[in-house]
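Chain by chain, the residues:
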Amino acid sequence: MTFFLAFAESSIQLVPDGTLLVHVLLILIMVAILNATLFKPINKILADRDATTRGRLSEAEQTIANVKLKLQQHEAQLREARAHGYSMMEQERLKSLRERELQLRELRAEISSLLVGEKQEIAQESQRVRQDLEREARMLGAEIATQILGRPVSVG
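A brief look at the structure comes next. Quick caveat, the model's predicted, so the values are computed rather than measured.

A few points about the pattern of salt bridges
With the rule as written, the count across this model stands at six salt bridges. Close ionic contact of Glu-125 with Arg-128 constitutes a salt bridge, the shortest N to O distance being 1.7 Å. With Glu-125 and Arg-128 both in helix 2 (residues 19-149) and three residues apart, this pair spans about one turn of that helix. The class for Arg-128 is partly exposed, based on a relative accessible area of 43%.

Written out as structure tokens, the structure reads:
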């Protein structure tokens, strides 16, 4: 009916008539229907998607934080293990140096005792050779004296 009233007059009305209320009522009904059938489900889907995205985003952030924490713990353990390894290597190095020094001392003591024994042997051999040379020198002297004097000379 309002459709026919709009074509009935070709002039512009400055004062609103009853059709304005019908138009407002139609817009309100249309908004209610669109809200119930289209906007609420779309808004619900968008809200669910936003919640899911935020949930997954916070889950991803939590996972990243956990990974960073575990990485820091791993690096700390690695540094600790390296320090322990270096400490053990240093202890082993000092131990081997002490053992080497002990072996050197023992070897030096053994060489020193061998040298003392060899020196004593050489001194005894030298004394024996001197005595033999002295005896031979006396015998040769007596023999030479016997030949020169023409009479026997006693070694004495």
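Let's pick the thread back up.
A word on helix 2
Here helix 2 contains 131 residues, and its C-alpha end-to-end distance of 183 Å stays within 8% of the 195 Å for a straight helix at 1.5 Å per residue. For helix 2, the principal kink sits at Asn-35 and spans about 50°. Directly after helix 2, the chain includes Gly-150, whose backbone phi takes a positive value near 75°.

Rules used in this analysis
Residues numbered from 1 in each chain as written. Predicted model: local features only at pLDDT ≥ 70, side-chain atom pairs only at ≥ 80, totals over all residues. Heavy atoms only, no water. Salt bridge = Lys/Arg side-chain N within 4 Å of Asp/Glu carboxyl O. Helix = DSSP H or I, 4+ residues; strand = E, 2+ residues; numbered from the N terminus. Buried < 20%, exposed > 50% of the residue type's maximum accessible area, 1.4 Å probe, protein only. Expected span 1.5 Å × (residues − 1). Bend = angle between axes of the 7 residues up to and from the residue.

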